Each structure stands twice: as C-alpha cells, then as structure tokens.
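Remarks on the overall topology
Chain residues, written in single-letter form:
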Amino acid sequence: MTVVRDGDLLRIEVTDDGRGGAVPAHSDGTGLKGLAQRAAAVDGTLTIDSPRGGPTVIAVELPCES
C-alpha cells in the first residue's frame, strides 16, 4: 500500500497478488461499489484495475486541504 499527499490530493493505492477479476458489482452499496460511492461523496475517485490473472490495483484520490 502507498499513501502520498500531492498538493491538495491524497492518493492511496493498494495492490494484491491475487487472481484478478475484481469488479464493483454489488448494487447494495457494499464492497468495492460502496468504496467508490464514499470516495465520490467527497469529490474523490476510486479506480480498479483487475485483469484476469492479477494483480488487482485499487487507487483512490481524495481532496485534502490543510
């Protein structure tokens, strides 16, 4: 996991060594979809790169003011 502050952005990236294929498929707001909704609620973004065979990389950018 990496956490970096870049000006007014906080960037967090998590990588695993799994088999890939992660998708924000739950319609009830849990799991990855819930994380994406929470990031969007504060004008942030969440991206998921999870090709079959892995690895999965989940990155979030959140506004961060001093």
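Residues numbered from 1 in each chain as written. Predicted model: local features only at pLDDT ≥ 70, side-chain atom pairs only at ≥ 80, totals over all residues. Heavy atoms only, no water.

1. Some remarks on the pairing of strand S2 (residues 9-15)
We apply this condition: DSSP calls a pair of strands paired once it identifies at least 2 bridges connecting them. Put simply, DSSP marks the helices as runs of H or I at least four residues long and the strands as runs of E at least two long, and each gets a number from the N terminus on.
Alignment of strand S1 (residues 2-6) against S2, held across 5 bridges, turns out to be antiparallel. Of the residues in S2, the one forming a bridge with Val-3 is Ile-12. Between the end of S1 and the start of S2, which pair antiparallel, lie 2 residues, with Gly-7 showing a positive phi angle near 65 degrees. Strand direction decides the pairing type here: S2 and strand S4 (residues 57-63), joined by 7 bridges, are antiparallel. What sits directly across from Glu-13, in S4, is Ala-59.

2. Describing the environment of Thr-56
Worth spelling out the cut-off: Buried means the residue's accessible area, taken with a 1.4 Å probe over protein chains only, is under 20% of the maximum for its type, while exposed means over 50%, and partly exposed covers the values in between. Only heavy atoms matter for contacts: two residues are in contact if any of them lie within 4.5 Å across the pair. In protein, a polar contact requires one atom able to donate a hydrogen and another able to accept it; more generally it is a pair of N or O atoms within 3.5 Å, and residues adjacent in sequence count only if both atoms are side-chain atoms.
Mapped onto the secondary structure, Thr-56 falls in the loop between strand S3 (45-49) and S4. Residue classification places Thr-56 among the buried positions, given a relative accessible area of 8%. Sequence separation between Thr-56 and Gly-20 is 36 residues; the distance between their C-alpha atoms is 5.3 Å. Apart from the residues within four sequence positions on either side, Thr-56 is in contact with Val-14, Thr-15, Asp-16, Gly-20, Ala-22, Asp-49 and Ser-50. A distance of 2.6 Å separates a polar atom in the side chain of Thr-56 from a polar atom in the side chain of Ser-50.

3. Observations concerning the sheet that holds S4
Definition in use: The convention used is that axes are lines fitted to C-alpha atoms, helices contributing only their stretch in contact, and that angles between N-to-C directions extend from 0 to 180 degrees.
Strand order in the open sheet formed by 4 strands is S1-S2-S4-S3, with antiparallel pairing between adjacent strands. Of all strands in the sheet, those bounded by a partner on one side alone are S1 and S3. Within this sheet the neighbouring strands show an average axis-to-axis angle of 15 degrees, counted without direction. Lying on the sheet, helix H1 (residues 31-41) is in contact with S3 and S4; it crosses S3 at an angle near 150 degrees.

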